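Residue-level structural notes
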Amino acid sequence: MSLPKGLYRADHVGSFLRPKEILAIREQIVEKSASQSDLRKAEDSHISSLVKHELDNGIRSITDGEMRRAYFHLDYLQHLDGVKVEGQIISPSMHKSGFAPPKLVITGKVKHAQPIQVDDFKHLEKCIDEAGMKGQATTKVCIPSPTMCHFRGGRESINKEAYPDLDVFFDDLAKAYQDEIQALYDAGARFVQLDDTNLAYLCDPQMRKAAAEERGEDLEALPHKYAALINKAISKRPKDMKIGIHLCRGNYRSQWFASGGYEPVSKVLFQELDVDAYFLEYDDARSGDFSPLRHLPKSGKWVVLGVMSSKKSELEDEQTIIKRVKEAAEFAPGGLDQLCLSHQCGFSSTMEGNELSEEQQWAKVRSMVTIAKKIWGDDLSK
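These remarks concern the structure in this document. Every chain's residues receive numbers from 1 upward, in the order its sequence appears when written. Note on the predicted model: pLDDT of at least 70 is required for a residue's local features to be given, and 80 or more for side-chain atom pairs to be given and counted; whole-chain, interface and lining totals, by contrast, use all residues. To obtain the side-chain values, all non-hydrogen atoms of the structure were used and water was disregarded.

Focus on the sheet that holds strand 6 (residues 191–196)
To summarise the sheet geometry, strands pair through backbone hydrogen bonds and adopt either a parallel or an antiparallel arrangement. Using the following cut-off: Strands qualify as paired when DSSP identifies two bridges or more between them. Note on conventions: DSSP H or I runs of at least 4 residues are helices, E runs of at least 2 residues are strands, and numbering of each starts at the N terminus. A fitted line through C-alpha atoms represents every axis, and for helices the fit uses only the stretch in contact; the resulting angles, taken between N-to-C directions, go from 0 to 180 degrees.
Taking strand neighbours across the sheet as the criterion, the 6 strands line up as 5-6-7-8-9-10 in an open arrangement whose pairing is parallel. In this open sheet, the two strands that pair with only one neighbour each are strand 5 (141–144) and strand 10 (339–343). Adjacent strand axes in the sheet meet at a mean angle of 25 degrees when their direction is disregarded. Pairing of strand 8 (residues 277–281) with strand 9 (residues 302–308) involves 5 bridges; the strand directions are parallel. In the strand pairing of strand 9, Glu 281 is matched with Gly 306.

This is the structure in structure tokens:
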């Protein structure tokens, strides 16, 4: 079973550790001693260097490392009309530092006023071309899943005057995504990845309980509602654009925030969600076993197994990883042909990054590529 264009046997979720210069300029902007144009110039330069590092270390699914973002989701979503960042999410699973993530609220009608990622995509394409790899690598655009605008705040985070009916809210949100995806396609993008924490959080017993008791969610209906939202958001993509989705249980400075196997959402995930590829967290026992993969169709969908960890600096044992991939293949109806390899998440879902060095980050990437070649052979695009 050949891979869809843009997916690779050695793949990755998208984010990389931020250079010190970018972090420093972000601080200077807060202090009003630097401008957004200063930041953009530095980002352009470091993204160009990053693309070369990705290519040199064997990656062919090229991202900008989320260098332009402080958070994997907020920087994108707040560009939609009607979406604001206000306050913080307080939960029992806060980081040891006391950090609590900012909260999204819907203050008015959600609209896509202008393209959000198109200029960033064009810069990446230029970087690949300048590296002499045009046609030999794929630019992957990572954007947050539309579910990020609902789960953690629920009904109370959505303005009732703008949206007395939540179905209208979901329709408007889906339309905003349709517009962005079309703009990206028109610019040349052919692979988009949606980053989603919420379907994974619905596997966590405590988060399920909070959703039901504190926000009044119907736990049986909500996964289907989210699948319908995502499907509508991507429903108008042309046939030659591929969509992946990444499920994450939290990745802030090497800490996770949820646990639980995929079984509660597995049928919805693999049989209702109309995506081409699933980037699934599987780096430790928190994510459960591989048995939910049995719900995959035999062909037409692929799973990128995140059995390696971006949270730890140590290199994984090659034979252990190979063994785990082969264990997963026993459940996947398409066997090894239906699987790829990655780390469970990016290296820097927020600008602070995970607790490892850049040298350790790239060593882990090289190790992943080496292991993938031992499993599937040298051509990682097949």
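Let's talk about helix 10 (residues 318–329)
The line we're drawing: Expected span, for any helix, means 1.5 Å times one less than how many residues it has. Under the scheme applied here, a residue whose accessible area is under 20% of the maximum for its type counts as buried, over 50% as exposed, and between as partly exposed, the area being computed with a 1.4 Å probe on protein chains only. This arc is built from the directions going out from the helix axis to the C-beta atoms.
The terminal C-alpha atoms of helix 10 lie 17 Å apart, and with 12 residues this matches the ideal 16 Å at 1.5 Å per residue to within 8%. Taken as a whole, helix 10 has its buried residues at Ile 321, Ile 322, Val 325, Ala 328 and Ala 329. Burial along helix 10 is one-sided: seen end-on, the buried residues are contained in an arc of 120 degrees. Residues of helix 10 that are exposed and point over 90 degrees away from its buried face: Gln 319 and Lys 323.

Focus: the nonpolar core
Just so we agree on the cut-off: Only buried residues count toward a nonpolar core, which is a set of Ala, Val, Leu, Ile, Met, Phe, Trp, Tyr and Cys residues joined through side-chain atoms within 4.5 Å. Should any heavy atoms of two residues lie within 4.5 Å, those residues are counted as being in contact.
In this structure, Phe 169, Tyr 278, Leu 280, Leu 293, Leu 305 and Leu 341 are the most contacted members of the largest nonpolar core, which totals 114 residues. Those residues in contact with Leu 280, other than ones at most four positions away along the chain, are Leu 247, Tyr 262, Leu 269, Phe 270, Leu 293, Val 303, Val 304, Leu 305 and Gly 306. With 8 residues, the next largest nonpolar core counts Leu 7, Ala 277, Trp 302 and Val 304 among its residues.

Overview of the environment of Leu 104
Its place among the elements puts Leu 104 in strand 3 (residues 102–111). By relative accessible area, which is 9% here, Leu 104 ends up buried. Apart from residues lying up to four places away in sequence, Leu 104 is in contact with His 73, Leu 74, Leu 77, Val 83, Lys 84, Val 85, Met 148 and Ser 157.

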